[in-house]
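# Structure assessment
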Amino acid sequence: MSRRAVIFDVDGVLVDSYGAHYEAWKRVATHLGLAMSEREFASMFGRRNRDIIRHHWGRHVPDDRVEEYGDWKEVQYREILRANFPAMDGAAELLDALKGAGFLLAVGSSGPPENVRLSLEGLGRAALFDATVTGADVRAGKPDPEVFLKASAKLGVEPRFCAVVEDSTAGIEAAVRAGMAAIALVGTATREALQKAGADLVVASLRELTPDHISRLIDRAA
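Report follows, based on the coordinates. (Residues numbered from 1 in each chain as written. Predicted model: local features only at pLDDT ≥ 70, side-chain atom pairs only at ≥ 80, totals over all residues. Heavy atoms only, no water.)

### Details of the overall build of the chain
- When you go through the chain residue by residue, the secondary structure sums to ten helices and six strands.
- Over its C-alpha atoms the chain spans a radius of gyration of 17 Å, differing by no more than 12% from the 17 Å that the globule rule assigns to 222 residues.
- Taking the principal axes of the C-alpha coordinates as reference, the chain spans close to 55 × 30 × 30 Å.
- Counting only contacts in the chain whose residues sit at least 6 apart along the sequence, the fraction spanning at least 24 positions is 65%.
- Summing over all exposed atoms, the chain offers an accessible surface of approximately 10000 Å²; the carbon and sulfur share of this is 46%.
- For the chain, the distance from the average position of its 28 positive side-chain charges to the average position of its 32 negative side-chain charges is 2 Å. (Helix = DSSP H or I, 4+ residues; strand = E, 2+ residues; numbered from the N terminus. Rg over C-alpha atoms; globule rule 2.2 N^0.38 Å. Contact = heavy atoms within 4.5 Å. Areas by Shrake-Rupley, 256 points an atom, 1.4 Å probe, with all protein chains shown as cover. Lys, Arg positive; Asp, Glu negative; His and termini not counted. Charge placed at Lys NZ, Arg CZ, Asp CG, Glu CD.)

### Observations regarding the layout of surface pockets
- As a volume, the largest pocket reaches approximately 490 Å³.
- Around the largest pocket, the lining comprises 31 residues; the ones closest to its centre are Asn49, Glu74, Ser110, Gly111 and Pro112.
- Elements that contribute at least two residues to the lining of the largest pocket include exactly helix H1 (18-32), helix H3 (49-57), helix H4 (66-83) and helix H6 (113-123).
- The element contributing the most residues to the lining of the largest pocket is H4, with eight residues.
- Taken together, the residues of the lining of the largest pocket sort by class into nine nonpolar, nine polar and 13 charged. (1 Å grid on protein atoms, 1.4 Å probe; cavity = no way out; pocket = protein on both sides within 12 Å on 5 of 7 lines; lining within 4 Å. Points joined across faces, edges and corners; volume = space filled by probe spheres on them. Nonpolar A, V, L, I, M, F, W, Y, C, P; charged D, E, K, R; others polar.)

### Some points on the environment of proline 159
- Along the chain, proline 159 turns up in the loop between helix H7 (146-155) and strand S4 (162-166).
- Given the relative accessible area of 27%, proline 159 is considered partly exposed.
- In the structure, proline 159 is positioned 59 residues away from isoleucine 218 in sequence and 9.9 Å away in space, judged by C-alpha atoms.
- Here proline 159 is in contact with Leu149, Ser152, Ala178, Gly179 and Met180, once residues within four sequence places are set aside. (Buried < 20%, exposed > 50% of the residue type's maximum accessible area, 1.4 Å probe, protein only.)

### Notes on the pattern of salt bridges
- Applying the stated criterion to the full structure yields 16 salt bridges.
- Residue lysine 73 is joined to glutamate 74 by a salt bridge in which the shortest nitrogen-to-oxygen separation is 3.0 Å.
- The class for lysine 73 is buried, based on a relative accessible area of 1%.
- Its relative accessible area of 5% is what places glutamate 74 among the buried residues.
- Measuring nitrogen to oxygen at the nearest pair gives 3.0 Å for the salt bridge that ties aspartate 89 to arginine 207. Of the two residues, aspartate 89 is situated in the loop between H4 and helix H5 (91-100) and arginine 207 in the loop between strand S6 (201-203) and helix H10 (211-221); the sequence distance between them amounts to 118 residues.
- The partly exposed category is assigned to aspartate 89, whose relative accessible area is 46%. (Salt bridge = Lys/Arg side-chain N within 4 Å of Asp/Glu carboxyl O.)

### Observations concerning the sheet that holds S4
- Judged by pairing direction, the sheet is parallel, and its six strands sit side by side in the order S3-S2-S1-S4-S5-S6 without closing on themselves. Of all the strands in the sheet, just strand S3 (131-133) and S6 have a single pairing partner and so form its edges. Ignoring which end each strand starts from, the neighbouring axes of this sheet average 20 degrees apart.
- Alignment of S4 against strand S5 (residues 181-185), held across four bridges, turns out to be parallel. Of the residues in S5, the one forming a bridge with glutamate 166 is alanine 184.
- Across the sheet, H10 lies against strand S1 (5-8), S4, S5 and S6, angled at about 135 degrees from S5, the strand it touches most. (Pairing = 2+ DSSP bridges. Axes fitted to C-alpha atoms, helices over the stretch in contact; angles between N-to-C directions.)

### Section: the pairing of S1
- Side chains Ala5 and Ile7 project from S1 onto one buried face, and the interleaved Val6 and Phe8 project onto a second face that is buried too.
- Where S1 and strand S2 (residues 104-108) come together, four bridges link them in parallel fashion. Considered in S2, the bridge of valine 6 is made with leucine 105.
- Relative to S4, S1 is paired through four bridges, and the arrangement is parallel. Bridged to isoleucine 7 within S4 is valine 164.

### Some remarks on H4
- The terminal C-alpha atoms of H4 lie 26 Å apart, and with 18 residues this matches the ideal 26 Å at 1.5 Å per residue to within 8%.
- Residues of H4 that are buried include every one of Val66, Tyr69, Gly70, Lys73, Glu74, Gln76, Tyr77, Arg78, Ile80 and Leu81, and no others.
- In this structure, the buried residues of H4 make contact with H1, H3 and H6. (Expected span 1.5 Å × (residues − 1).)

Here it is as structure tokens:
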């Protein structure tokens, strides 16, 4: 049997980071003398910082300062996360079970490597991952499938034998376009929106997932 792999997004999947990211973006907005509503934030959650800034504040932030403000937002985010690390319920247990069952594990995140490293250290599970792909490793953000295809290539596992666990519609679309089984975690987006994006399975908690369940899902998708 071909080796199976699971690729995890980080924000909203392994780490309950929604609140921390929103607070960080509000700090950036305040600094700029602008505002960001939660609805505006949620509509772009999971996208790259440069895309978020250009979408919401393109008229207010010069192109040559987009990266600067994006980096500053991440500094604020890490500061918030260090003060109160919000591990997603069931994340550590699922990672342990998958590794024990022989799955290869990878991260496929749009976030910067510093954020991903802090998150995996906070979970105490960094050593379980066989590959990591972050926003620094890709040219195109989700829903482009590049991040997941690079992760599967690093693992040496064909896309059809990979499952992706995501919380955003952009991430689910990316998984579908990569030809991988797409598992959606409700939270950032509604069940209906995730199903519309093409999720093969939608769950309300990571505790609903088991290695056997994911293996069967990969077999069906493949």
